[in-house]
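# Coordinates in review
If you want the building blocks of each chain, they are given just below.
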Amino acid sequence: MDPALKRWPKVQLHLHLEGALRLSTVAELAKNLAPSTPKLKSLLDTVSDDNSLREVFCITRPTDSLTTFLDKFWATQSLLTSNATLERVAYETCIDAYHRDGVVLLELRYSPQFCVLSEWNDHSVLKNGGYDAMHEAVLRGCQRAVDEVADEGGLFAVGVLVTLDRSMSVKEGGEVVEGVHRFRERTEVENAQVKGGPRVRIVGIDLANDELLFPIAPFAGLFSSLAEARANTSSRSPLGITVHAGEVPGSADNVVQAIRNLRTRRVGHGVQSIHSQEALDLIKKHNVLLEVNPLSNYLTGSTGPYKSHPIVELRKQGIRCCVSTDDPGIFDTTLIQEYRMLVEEHGFGEKDFDAMNRDALRESFLDDELKKAIEDRYFPTENLLN
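The numbering scheme is per chain: residues are counted from 1 as the chain's sequence reads. With pLDDT at 70 or above as the cut-off, local features in this predicted model cover only qualifying residues; side-chain atom pairs require 80 or more to be listed or tallied, and sums for whole chains, interfaces and linings still use all residues. With hydrogens and water excluded, all non-hydrogen atoms of the structure serve as input to the side-chain values.

### Overview of helix α4 (residues 50-57)
The set of residues buried in α4 consists of Ser52, Leu53, Val56 and Phe57. All buried residues of α4 project into a common sector of 130° when viewed along the axis, lining one side. Residues adjacent in sequence count toward polar contacts only when both atoms are side-chain atoms; beyond that, a polar contact is any pair of N or O atoms within 3.5 Å, and within protein one must be able to donate a hydrogen and the other to accept it. Labels follow the DSSP assignment, with helices taken as runs of H or I lasting at least four residues and strands as runs of E lasting at least two, numbered in each case from the N terminus. Near the N-terminus of α4, the side chain that reaches the backbone nitrogen of Asn51, with its oxygen 3.2 Å away, is that of Asp49. Exposure categories follow from relative accessible area, calculated using a 1.4 Å probe and restricted to protein chains: below 20% of the type maximum is buried, above 50% is exposed, and the middle band is partly exposed. As used here, the arc belongs to the directions running from the helix axis to the C-beta atoms.

### Things to note about unusual backbone geometry
If a residue is not glycine, its phi is most likely negative; likewise, a peptide bond is most likely trans. A positive phi is found at Arg263, a non-glycine position, where the angle reads about 65°. Note on placement: Arg263 falls in the loop between α12 (252-260) and β6 (266-269). For Asp332, which is not a glycine, the phi torsion comes out positive at approximately 50°. By the secondary structure assignment, Asp332 is in the loop between β8 (320-323) and α16 (335-346).

### Quick notes on the environment of Phe114
Within the fold, Phe114 resides in helix α7 (residues 112-115). Contact between two residues is taken to exist if any of their heavy atoms lie within 4.5 Å; hydrogens are not considered. In this structure, Phe114 is in contact with Glu18, Phe73, Gln77, Asp165 and Asn209, ignoring residues within four places of it in sequence.

### A closer look at the packing of α12 against helix α13 (residues 277-285)
Between N-to-C directions, angles span 0 to 180 degrees; the directions come from axes that are lines fitted to C-alpha atoms, helices contributing only their stretch in contact. At their nearest, the axes of α12 and α13 sit 8 Å apart, and the two run at 30° to each other. When the interaxial angle is binned, α12 and α13 end up roughly parallel. The two elements α12 and α13 cross, and the hand of that crossing is left-handed. Within the contact between the two elements, α12 uses Ala252, Val255, Val256, Ile259 and Arg260 and α13 uses Glu278, Ala279, Leu282 and Ile283. Partitioning the contact of α12 with α13 into residue classes produces seven nonpolar, no polar and two charged. Roughly parallel means an angle under 35 degrees; roughly antiparallel, over 145; roughly perpendicular, 65 to 115; everything else is oblique. If you view the pair so one helix is near and one far, a crossing is left-handed when the near helix is turned anticlockwise from the far one by less than a right angle, and right-handed when it is turned clockwise. Classification convention: Asp, Glu, Lys, Arg as charged; Ala, Val, Leu, Ile, Met, Phe, Trp, Tyr, Cys, Pro as nonpolar; all other residues, Gly among them, as polar.

### What about the sheet that holds strand β2 (residues 103-110)?
Spatially, eight strands are ordered β1-β2-β3-β4-β5-β6-β7-β8 in an open sheet, and the strand pairing comes out parallel. Across the chains shown, the open sheet's two edge strands, defined by having one partner strand only, are β1 (10-16) and β8. Between one strand axis and the next, the sheet turns by 25° as a mean value, whatever way the strands run. Pairing between two strands requires that DSSP report at least two bridges joining them. Two strands pair when backbone bridges link them, and strand β4 (residues 201-208) and strand β5 (residues 240-245) are joined in this way by four bridges, in the parallel orientation. Each bridged residue has a counterpart across the sheet, and for Ile205 the counterpart in β5 is Ile241. The strands touched by helix α17 (residues 350-363) within the sheet are β1, β2, β6, β7 (289-292) and β8, with β8 carrying the most contacts at an inclination of about 95°.

Any functional reading would require information beyond the geometric quantities listed.
Here it is, written out as structure tokens:
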């Protein structure tokens, strides 16, 4: 069924650059960095082939331990030591999404705050270069992929989200957001006459990290102000907001807070809402879209067995969902694999995916003009599946 799955145009809204490295890229970067990274060298001593490399850098079996995920995260994080690497990974992630998975609109998120941290090695090159240089590197990588597709006669739209680390202070988060505003103002002028595929821009702000350890309440002022600007500004394309909430057991109230206090209309994961009538009612009242990542939820132990994933019940209750891969490099998956598992385990069909992709397209933070071009080319009204 994969050829049919690939042909369906897809919109992917929840994809972390830091967790999207190709296995071949992991192998190359790890080999180059191992001599100067003792922990990495120790891990690579156990690697003899691709399967053992996956054991080191990927989660392929369910785990109920956050420590397991963090071990994989820091292993991958140790590879992101330069802007050249960020640019490369951004390009590879985008071009794979288009050619391998049939994604026609992608929102790729990354956290400059995460990228300058490392448990294992020195990321001072990134840190000293500043966030603007990191933004530029990620945008260059994405733009290269978009332009290649345009040269082939295709249409591919990409937007970048900047993820704030909720373990940092609100002051630090606000400084990142202000920096994004200044960066956008400067680059809008510089890129105004650039030719090629659709311009890749920073289009939104995300909030992530451990939602049980680090409450979202302190970020209410910052995010509600962004929501107010998006609702009322005369700007052509204000920043959108999305918030990681309701991913892990016991976190359904975070969805309530994210909608009520941070005023988000998109929630990353949100699957624990199934256990809270208050959350479900708010989601429906405000027509919130859940960015659902089924395999990620299953492998991290957030939702139990895959067959019991709540995406089916959420949609039965009238909750709008879209499907993404979260950290496909860490979870060793693709969007095609996510679709295949929903087909095989939950009986999803073309009508289900068509409806979810149209909802994702509507709620994307990309410019309306570009979204209309994507709709006309890939999701024309005459092809609407009822």
